[in-house]
Amino acid sequence: MAPSISLFKSRDVAVIGAGAAGLVAARELRREGHKVVVFERERQVGGTWVYTPTVETDPLGSDPSRHIVHSSLYASLRTNLPREVMGFLDYPFVSTGEPHRDPRRFPGHREVSLYLKDFAVGFGLSELIRFETEVVYAGLVEDDKWRVKSRSGNDAAIDVEEIFDAVVVCNGHYTEPRLAEIPGIDAWPGKHMHSHNYRIPEPFRDQVVVLIGGAASAVDISMDIAQVAKAVHIASRSVEAGILEKLSGNAVDNMWLHPMIESVQKDGTVIFYDGSVVLADVILHCTGYKYHFPFLDTSGIVTVDDNRVGPLYKHIFPPHLAPGLSFVGLLWKVLPFPMFEFQSKWIAGALSGRIGLPSQEEMMADVSAFYLSLEASDTPKHYTHNLADSQFEYDDWLALECGIPGVEEWRKKMYQATAKNRKARPDKYRDEWEDEDLMLEAQKDFARCRPNGAGDN
Ligand code: FAD
């Protein structure tokens, strides 16, 4: 009998980053038969989930020469998603029952970092990872190959240059702060900083803090700080002008809601759009982050414009560089880990040739139609990668392309139930819920997986 010859190609692939996205990308690429090298700047896996008390020298995180601290986690952070929905599809994020682990449904950050470590060990991924190795350059060379230059330690003399067939970018997007523009800020005498450099509330004891932002971390941080601060004033776009509202129902009673800041003055006051005035000590920007790929050279084919990374087909492939260059994890307001998994499976299959991609022209037409739909619905450019309501449609589309089942119904329902609960009780949703029926369904589903799904490399 003739030896069987695989019709599918095995490629040399560089994965940049060993956070949740890079880990699952490495697993899927290897499962598909590719040869994988994962470059990781830090000394361990987990990316965002590796908490450090260290902060950057520039509290605003805007000085390009600062020493970069990758993680933006604060000490008190617990997940804002229940562990059942958060975990990878075939490696449930269940409590291990070990005494040093956090069994809560919305665990603290350390538990997530340990889960990601277990994932890496369980699937034998550590052998693929070069720790403390930063990619300083990734650019296209002739024959559709990619030159990757990496640096270990601080010594530029030991830069290593290698050629790969493909690069998968998994470098995360919660490190480079986005700041609100505030008229008068240069003369304002108080302290201002970005939540990237917030860790613990103690430095804010007895201070008056103005916090800008309305997303999950702004809510968490404001409640954290309010335990010790004199007052916390939240300036949020989602508050109509003219409303100054005292937030009640929390354990603390010193939080106020405002519309956005109109200006700040050199006497230390902060003026809001409704005309209210507060004398403040600190302004804390909880205003999100910028996509940043300082190592990537695509000769201008891929750009970041007002936080739109593009053009990208399905937020993953630049049509003119597909499938050699891809991005995992750009989307936000989503269930990240399962989405990384679907994206990674699609990339792995496209690289081997098992899954076909449309022509460059067709992919470009799809991207253009998507941008037009955003314009038609008045969606700002910097919301391009905010998938929100259509995330499960997106996941299911990827699953169909890969020929695998889509997102489980219980997971979709539990995600919606959590969103509703978080809105109804922002300070208690992590400890009080009403979706026990969905938890049971999830447990039944998990029982069908092999123990933690591991062992299958
Ligand atoms: P990251 O985890 O950021 O990993 C990127 C990795 O790339 C890092 O290890 C970094 O060191 C490495 N890297 C970067 N540049 C280079 C380079 N040039 N060379 C080599 N290595 C490089 N998600 C949830 O599911 N649930 C939650 O409750 C939740 N809460 C969150 C709270 C906060 C405050 C934040 C910021 C995020 C939260 N998220 C949450 C989202 C979280 O970011 C994702 O869950 C996920 O961890 C992102 O994984 P990633 O691999 O894309 O990026």
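Data block above holds the structure.
The structure displayed is predicted, hence computed values, not measured ones. Numbering of residues starts from 1 in each chain and follows the order in which that chain's sequence is written. With the structure being a predicted model, the display of local features is reserved for residues of pLDDT at least 70 and the display and counting of side-chain atom pairs for 80 or more, all residues being used for whole-chain, interface and lining totals. Hydrogens and water molecules were not included; the side-chain quantities draw on all heavy atoms of the structure.

A. Fine view of the overall build of the chain. Tallying secondary structure elements over the chain gives 9 helices and 22 strands in all. With the radius of gyration taken over C-alpha atoms, the globule rule is written as 2.2 Å times the number of residues to the power 0.38. Its C-alpha atoms give the chain a radius of gyration of 23 Å, near enough to 23 Å, the size a compact globule of 457 residues would have. With respect to the principal axes defined by its C-alpha atoms, the chain has extents near 85 × 50 × 50 Å. Put simply, the chain has 457 residues, and 52% of those count as buried. Counting contacts in the chain only where the partners sit at least 6 residues apart, residues at least 24 apart contribute 66% of the total. Looking at the chain as shown, the accessible area adds up to about 21200 Å², and 52% of this sits on carbon and sulfur atoms. When charges are counted, Lys and Arg contribute as positive and Asp and Glu as negative, whereas His and the chain ends are disregarded. Charge positions come from single atoms, namely NZ of Lys, CZ of Arg, CG of Asp or CD of Glu. Side-chain charges in the chain split into 48 positive and 65 negative, and the spacing between the mean points of these groups amounts to 3 Å. Helix numbers and strand numbers start at the N terminus; a helix is a DSSP run of H or I with at least 4 residues, a strand a run of E with at least 2. Throughout, exposure labels follow a simple rule: accessible area from a 1.4 Å probe, protein chains only, divided by the maximum for the residue type, with under 20% read as buried, over 50% as exposed, and the rest as partly exposed. Whether two residues touch is decided by their heavy atoms; if any such pair falls within 4.5 Å, the residues are in contact. Computed by Shrake-Rupley with a 1.4 Å probe, the accessible areas treat only the displayed protein chains as cover when residues are assessed.

B. Fine view of the side chain of Glu111. Its location among the elements puts Glu111 in helix α3 (residues 109–122). Any pair of nitrogen or oxygen atoms within 3.5 Å is treated as a polar contact; in protein, a donor-acceptor pairing is required on top of that, and neighbouring residues in sequence qualify only through side-chain atoms on both sides. Among the polar contacts made by the side chain of Glu111, one reaches the main-chain amide nitrogen of Asp102 at a distance of 3.0 Å.

C. View of the pattern of salt bridges. For salt bridges, the criterion is a side-chain nitrogen of Lys or Arg within 4 Å of an Asp or Glu carboxyl oxygen. By the definition in use, this model includes 34 salt bridges. A salt bridge links Arg30 to Glu127, with the shortest nitrogen-to-oxygen separation between them at 3.3 Å. With a gap of 97 residues between them, Arg30 in helix α1 (residues 20–31) and Glu127 in the loop between α3 and β3 (129–130) connect regions that are remote in the sequence. We classify Arg30 as buried; its relative accessible area is 18%. Taken together, the shared-partner salt bridges in this structure form one network comprising Arg27, Glu28, Arg31, Asp90, Glu341 and Lys345.

D. Quick look at the site of the ligand. One heavy atom within 4 Å of a molecule or strand is enough for the residue carrying it to be called near that molecule or strand. Surveying the vicinity of the ligand reveals 32 residues, the closest of which are Glu40, Thr48, Trp49, His70 and Asn80. Ala21 places a main-chain nitrogen or oxygen 2.9 Å from an oxygen atom of the ligand. Within the side chain of Glu40, a nitrogen or oxygen atom sits 2.6 Å from an oxygen atom of the ligand.

E. Up close: the packing of helix α8 (residues 409–424) against helix α9 (residues 436–448). All axes here are fitted lines through C-alpha atoms, helices being fitted over the stretch that makes contact, and every angle between N-to-C directions spans 0 to 180 degrees. Contact pair α8 / α9: the axes reach a minimum separation of 10 Å and the direction vectors enclose 145 degrees. In the packing of α8 onto α9, the handedness of the crossing is left-handed. Here Trp410, Lys413, Met414 and Ala417 of α8 come into contact with α9, specifically with Leu438, Met439, Glu441, Ala442, Asp445 and Phe446. Take the far helix as the reference: if the near one is turned anticlockwise from it by less than a right angle, the crossing is left-handed, and if turned clockwise, right-handed.

F. Representation of the sheet that holds strand β2 (residues 35–39). Strands qualify as paired when DSSP identifies two bridges or more between them. Strand order in the open sheet formed by 5 strands is β3-β2-β1-β7-β22, and the pairing between neighbours is parallel. Two strands lie at the open edges of the sheet, namely β3 and β22 (325–327), each paired on one side alone. Taken together, the 2 bridges between β2 and β3 define a ladder with parallel strand orientation. The residue of β3 that forms the bridge with Val38 is Ile129. Of the strands in this sheet, β1 (12–16), β2, β3 and β7 (166–169) are in contact with α1, which crosses β2 at around 170 degrees.

G. Geometry of the pairing of β1. β1 sits mainly inside the fold: 4 of its 5 residues count as buried. The sheet contact formed by β1 and β2 spans 5 bridges and is parallel. Paired with Val15 across the strands is Val38, a residue of β2. A crossover links β1 with its parallel partner β2, the connecting element being α1, and its sense is right-handed. Two elements, β1 and β7, share 4 bridges in a ladder whose sense is parallel. Across the sheet, Val13 pairs through a bridge with Ala166, a residue of β7. The handedness rule is simple: strands pointing away from the viewer, and a clockwise path from the first strand over the helix to the second, make the crossover right-handed.

H. Representation of the side chain of Asn421. With respect to the secondary-structure elements, Asn421 resides in helix α8. By relative accessible area, Asn421 is classed as buried at 11%. Other than its neighbours up to four places away in sequence, Asn421 contacts Tyr429, Glu432 and Trp433.

I. Up close: the packing of α1 against helix α5 (residues 336–352). Contact pair α1 / α5: the axes reach a minimum separation of 8 Å and the direction vectors enclose 35 degrees. Between α1 and α5 the crossing geometry is right-handed. Facing α1, whose interface residues are Ala20, Ala21, Val24, Ala25, Arg27, Glu28, Leu29 and Arg31, α5 presents Phe337, Phe340, Glu341, Ser344, Lys345, Ala348 and Leu351. Classifying every residue of the contact of α1 with α5 gives 9 nonpolar, 1 polar and 5 charged. Three classes are used, and their members are as follows: Ala, Val, Leu, Ile, Met, Phe, Trp, Tyr, Cys and Pro are nonpolar, Asp, Glu, Lys and Arg are charged, and the others, Gly among them, are polar.

J. Structural view of unusual backbone geometry. The omega angle of the peptide bond from Gly310 to Pro311 is -5 degrees, so this bond is cis rather than trans. Structurally, the position occupied by Pro311 is in the loop between β21 (308–310) and β22. The omega torsion of the bond from Ala322 to Pro323 falls at 0 degrees, within 30 degrees of zero and hence cis. Structurally, the position occupied by Pro323 is in the loop between β21 and β22. If you check the backbone angles, Glu132 has positive phi at about 50 degrees while not being a glycine. The phi torsion at Asn307 lies on the positive side, around 65 degrees, for a residue other than glycine.

K. Layout of the environment of Val15. Looking at where Val15 falls in the secondary structure, it is placed in strand β1. Note on Val15: relative accessible area 0%, which makes it buried.

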